[in-house]
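# Chains, contacts and geometry: an overview
For reference, the chains in residue letters:
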Amino acid sequence: MAAEDTFDWIVPFEALSGLLQPPTLGHGYDSRMLVLGCGNSTLSASLWRAGFTDVTSVDYRPEVIDQMRAAHADTPALKWDVADVLSCPHMPSGGFDIAVDKGMLDWFVAAEGTGDSVAAYLREVKRMLAPGGVLAIVSFHPPVYMAGLLGGCPLLGYESRSETDGGGSRSE
């Protein structure tokens, strides 16, 4: 896939490589990973190239998923699925060890503040994560904002870990 056919929100994978690694995430390269609202980002392929062997990426737009499937047809380890992250009944409960949110929560906050969609999104992510699963959030918002947003959600215990190049949050 040509660079002009991709778009990476916030920062490229290289800026996140320290955050999105087994020691930081608390899960190994063989963990079941879910990339939420993948769009046509290079993130999923970059995670696979970094060593993660089970990467499923979802987006609500079928044309984007078709584009990504075609671009990565030679990499069967990368799975692509059309799904609305607010309700993914076809995705297994407890089916993932790591969920990666790179701008998805930011999109919901920008669209409606901290309303119903944010709560629905967090509930659905929590359902899809296995016990002990990790939600890694890459956000435009500073960690203190995310701590307030996630800390106010009774569904999630919250632990924050921040990288100096933009921050990230972890919730277990």
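Here's what I pulled together on the structure shown here. Quick caveat, the model's predicted, so the values are computed rather than measured.

Per the secondary structure count, the protein chain includes 6 helices and 6 strands. Helices and strands in the protein chain line up, N terminus first, as α-β-α-β-α-β-β-α-α-β-α-β. Counting the 172 residues in the protein chain, one finds 48% classified as buried. Taken as a whole, the protein chain presents about 7,800 Å² of accessible surface, with 57% of it coming from carbon and sulfur.

To continue, consider the pattern of salt bridges. Inspection of the entire model under this criterion finds 5 salt bridges. We note a salt bridge from E124 to R127, for which the minimum N-O separation is 2.8 Å. Placement of both E124 and R127 in helix α5 (residues 116-128) is noted, with a separation of 3 residues, approximately one turn of the helix. Look at E124 and you get buried, because its relative accessible area is 10%. On the accessibility criterion, R127 (24% relative accessible area) is partly exposed.

Okay, the pairing of strand β1 (residues 32-36) next. Of all 5 residues making up β1, 4 are buried, and the element is well covered by its neighbours. Sheet topology places β1 next to strand β2 (residues 54-59); 5 bridges connect them, and they run parallel. Bridged to M33 within β2 is V55. Following the backbone out of β1, through helix α2 (residues 43-50) and into the adjacent parallel β2, one traces a crossover that is right-handed. The pairing of β1 with strand β4 (residues 96-102) spans 4 bridges and is classified as parallel. Looking at β4, one finds that L34 is bridged to A99.

Attention now moves to the environment of D59. With respect to the helices, strands and loops of the structure, D59 is situated in strand β2. The exposure class assigned to D59 is buried, which follows from its relative accessible area of 4%. Each C-alpha atom of the pair D59 and L36 lies 6.8 Å from the other, and the pair is 23 residues apart in sequence. Setting aside its immediate chain neighbours within four residues, D59 contacts G37, C38, G39, V64, I65, D81, V82 and A83. A polar contact of 2.8 Å, which involves the side chain of D59, links it to the backbone nitrogen of G39.

Now for α2. Every α-helix winds through 3.6 residues per turn, so residues three or four apart in the chain are directed the same way. Considered for burial, the residues of α2 that qualify are L43, S44, A45, S46 and L47. Once α2 ends, the next one or two residues include G51, with phi positive near 125°.

This part takes up the side chain of S41. By the secondary structure assignment, S41 is in the loop between β1 and α2. In terms of polar contacts, S41 uses its side chain to reach the backbone amide nitrogen of L43, at 2.9 Å.

What counts, and where the lines are drawn
Residues numbered from 1 in each chain as written. Predicted model: local features only at pLDDT ≥ 70, side-chain atom pairs only at ≥ 80, totals over all residues. Heavy atoms only, no water. Helix = DSSP H or I, 4+ residues; strand = E, 2+ residues; numbered from the N terminus. Buried < 20%, exposed > 50% of the residue type's maximum accessible area, 1.4 Å probe, protein only. Areas by Shrake-Rupley, 256 points an atom, 1.4 Å probe, with all protein chains shown as cover. Salt bridge = Lys/Arg side-chain N within 4 Å of Asp/Glu carboxyl O. Pairing = 2+ DSSP bridges. Right-handed = clockwise from strand over helix to strand, strands pointing away. Contact = heavy atoms within 4.5 Å. Polar contact = N/O pair within 3.5 Å; in protein donor to acceptor, adjacent residues only side chain to side chain.

Geometry only, nothing functional implied.
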